[in-house]
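Reading the structure
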Amino acid sequence: MKILLIEDEKELRQSIITYLSHEGYVCEVARDFPEGQEKMNTYAYDCFIIDLMMPGGNGLDLVKEIKTKNIKGGIIIISAKDTLDDRIKGLDLGSDDYLTKPFHLSELNARLKSIVRRRQFDGNTDIIFNEIRLIPENHEVFVNDARVTLTGKEFDLLLFFISNKGRVLPKDSIAEHIWGDHMDQSNSFDFIYTHIKNMRRKLVDAGCKDYLTTVYGIGYKFQTE
Amino acid sequence: MKLTAKSSIYYLIYTLFIFTIGTILFYFLIRNIIFNTIDEALHQEKNQVIENLKYEKDFKEIHNSDFIDIIEVSLDSKLYDKVYNTSIYNYEKKIRIDYRELKSVYRRGDHFYEITIRQSLTEAESLINSILPIEVALLMGLIVGVLLINRFISNKIWEPFYELIERLKHYDLVNVKIISYQKSNVDEFDELSEIVEKMTTRIYRDFNSQKEFNENSSHELQTPLAIIRNKLELLIQSKNMKDEEMVLIGSVFHSINRLTQLNKGLILLSKIENNQYYELSRINIGQLLETLMVSFEELIAERNIYVEMNITKTIIIPANQILVETLLFNIISNAIKHNFESDGKITIDTISKNILEVSNTGKSLPMEAERMFERFLKGSSAESSVGLGLSIVKKICDLYKFKISYTSESTIHTIRIEF
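The shown structure was predicted, so the numbers you read here are calculated from the model rather than taken from an experiment.

Calculation criteria
Residues numbered from 1 in each chain as written. Chains lettered and ligands numbered in written order. Predicted model: local features only at pLDDT ≥ 70, side-chain atom pairs only at ≥ 80, totals over all residues. Heavy atoms only, no water. Helix = DSSP H or I, 4+ residues; strand = E, 2+ residues; numbered from the N terminus. Buried < 20%, exposed > 50% of the residue type's maximum accessible area, 1.4 Å probe, protein only. Contact = heavy atoms within 4.5 Å. Areas by Shrake-Rupley, 256 points an atom, 1.4 Å probe, with all protein chains shown as cover. Buried area = accessible area lost by both parts, 1.4 Å probe. Salt bridge = Lys/Arg side-chain N within 4 Å of Asp/Glu carboxyl O. Polar contact = N/O pair within 3.5 Å; in protein donor to acceptor, adjacent residues only side chain to side chain. Nonpolar A, V, L, I, M, F, W, Y, C, P; charged D, E, K, R; others polar. pLDDT = per-residue confidence, 0-100.

A word on the overall build of chain B
Helix and strand content of chain B: 9 helices and 11 strands. When the 419 residues of chain B are sorted by exposure, 38% land in the buried category. Of the contacts formed within chain B by residues at least 6 apart in sequence, a portion of 63% connects residues at least 24 apart. As presented, chain B carries roughly 25,200 Å² of accessible surface, and 57% of it is formed by carbon and sulfur atoms.

Some words on unusual backbone geometry
Put simply, A:Lys101 and A:Pro102 share a cis peptide bond, and its omega is -5 degrees. Secondary-structure assignment places A:Pro102 in the loop between β7 (97-100) and α5 (105-120). The phi dihedral of A:Asp145 is positive, around 70 degrees, even though this residue is not glycine. Along the chain, the position of A:Asp145 falls in the loop between β10 (140-143) and β11 (146-148). Phi is positive for B:Lys401, which is not a glycine, with a value near 60 degrees. As for its position among the elements, B:Lys401 is in the loop between α9 (389-400) and β10 (403-409). On the basis of relative accessible area, B:Lys401 is assigned to the exposed category, the value being 67%.

A short note on the interface of chain A and chain B
With 44 residues of chain A in contact, the opposing surface of chain B contributes 42 residues. For the pair chain A and chain B, the summed buried surface comes to about 3,800 Å²; carbon and sulfur atoms form 56% of the total. A salt bridge links A:Glu176 to B:Arg229; the shortest N-O distance between them is 3.6 Å. Here chain A and chain B share 10 residue pairs in polar contact (both at pLDDT 80 or more) between them. Put simply, the parts of the chain that give the side of chain A that touches chain B at least two residues each are α1 (10-22), α4 (84-92), α5, β12 (168-170), α7 (171-179) and α8 (188-205) of chain A. Ranked by residue count, the leading element in the side of chain A that touches chain B is α1(A), at 6 residues. Across the side of chain A that touches chain B, the residue classes tally to 16 nonpolar, 15 polar and 13 charged.

A few points about the confidence of the model for chain B
Model confidence for chain B is summarised by a mean pLDDT of 83, while 93% of its residues fall at 70 or above. In the model output, the complex is listed with pTM 0.66 alongside ipTM 0.85.

What to know about the confidence of the model for chain A
Reading predicted coordinates in detail is not appropriate for stretches of low pLDDT. Residues of chain A with pLDDT of at least 70 account for 93%, and the chain-wide mean is 87. Mean pLDDT in chain A bottoms out at α4(A), which sits at 80, and peaks at strand β1 (residues 2-6) of chain A, which reaches 94.

And the structure:
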């Protein structure tokens with residue numbers, strides 16, 4: 001799985017690469033607009049992560065170029081600008097997702113996975129992890145082929161955990177994933193806790209191994225082994 | 001009291017004072033002059049009579065008339081002249097007529113004769129009496145004049161002044177920005193207008209640089225915040241971390257998130273200030289509330305809050321979708337956040353076609369109701385709240401000129417918005 005990250009901020013670039021490399025992605029970077037343009041025209045990628053404001057040009061023009069030249073690959077825009085205009089423009093041009101800076105790496109990872117999944121296995125997008133099988137389109141979960149009924153939020157949580165399996169997920173990023181980021185949610189932590197508790201119980205009741213562990217002081221981790 | 005009215009009153013008091021004194025003085029002066037003239041005439045008459053008497057033998061026959069009486073008197077005491085006012089009843093005209101009389105005693109040998117000469121005062125009186133109405137008429141004329149002049153002054157001369165006041169009244173930094181200089185024909189007003197222009201220019205400039213500073217600093221903060229957050233995310237993946245270290249990182253992570261939220265709130269505020277949410281659409285408040293409530297469902301269930309929705313009237317307003325969503329979201333979120341730990345209640349009412357009321361149960365407030373919408377003011381219970389929610393609400397309301405008010409009765413708190 002190959003990804004091109006076009007981002008001018010060095011530190012951000014490094015963090016993203018480190019996180020995504022652990023997921024098994026092959027990450028290439030472009031530091032500015034011309035470099036990004038050159039790479040996307042030369043090599044093939046599964047997904048592009050494009051910053052909007054860069055030296056040398058606007059990321060939106062890259063999105064436009066990818067679409068007009070019919071270059072294969074998903075697109076995620078990452079931008080410090082959070083205006084509806086840009087969001088709509090980006091999505092209209094054919095970008096698959098739009099993330100506002102600052103974002104959680106786990107969030108970027110989850111979104112990236114969802115895009116790659118949609119693009120790679122057209123028709124068959126089931127996510128299988130040991131005895132758990134998720135069907136994202138229908139929000140369905142099966143444990144050992146027996147259906148488990150989860151609420152919408154519980155399903156989102158499970159999907160988020162599995163997308164970031166083996167990673168320590170801070171409570172804040174879980175809360176933000178579930179709630180969106182447009183507020184200060186003082187009571188969302190207890191709330192998240194209840195959701196996780198319910199989801200866990202339902203899975204264990206269906207005969208699933210309890211993969212979820214609490215990371216003291218930080219959040220949770222979905223164990224892989 | 002208006003400035004011109006106030007100055008008119010002083011003018012009028014002074015005028016009235018001078019006029020009263022003047023009229024009284026004038027009255028006595030005229031009277032004095034008239035009496036002096038009459039007295040002089042009477043004396044001359046008397047001298048004439050005495051002169052004539054010297055050649056007469058029998059006075060009575062000669063000089064007794066309406067105006068001169070000569071009678072013989074026995075006493076020899078009063079040899080000097082006496083002038084005084086008197087009134088005599090006139091049988092023909094059947095009225096009393098005022099006279100000025102001169103009494104004098106004339107001696108001839110052993111005989112004393114009293115001579116009384118009189119002159120009617122009717123003419124003099126009518127002259128004096130005609131002074132008063134003239135004075136009153138003058139006074140009235142003056143008062144009316146002063147009032148008219150003042151009205152003229154206030155309408156004409158003070159016009160630029162009142163105009164300036166009117167402009168200052170409607171001054172705001174968003175729409176008016178600067179009150180520009182306007183020439184009048186009064187130096188003082190020109191000066192005032194010039195100063196106001198300079199002042200508002202400075203205010204606007206300061207406001208702008210303040211705004212720019214806020215904007216830039218929050219935007220510049222975004223990247224370092226993102227970097228710290230992402231590095232921390234990487235750090236916690238480390239396998240060699242002890243529990244205590246994880247707790248430390250956890251609280252740093254959480255603080256960074258609060259900082260990020262705070263910064264986002266500030267950016268949102270400055271965006272609203274800069275009118276960056278200009279796309280308008282017709283928004284159905286009731287419908288929007290119902291969709292919003294869905295995202296709160298679990299949270300409400302979690303805290304066992306009873307929600308009563310009485311959306312009977314349709315409220316439709318032209319506004320920006322994102323802003324109205326933020327507005328309602330923050331209000332509902334607050335109603336949940338500041339509710340009782342469990343078994344609270346939230347009531348959402350559409351009072352009329354443009355009034356929405358959201359009330360919730362909750363502990364009584366530690367601060368005054370008027371300060372509710374200030375930035376960074378927090379109720380003590382929700383310690384991790386950033387404290388921008390209601391000031392964002394206020395800002396949005398200000399932008400669209402919605403009237404928002406907060407009232408509380410012991411444990412019931414109500415937010416009321418008039419769209």
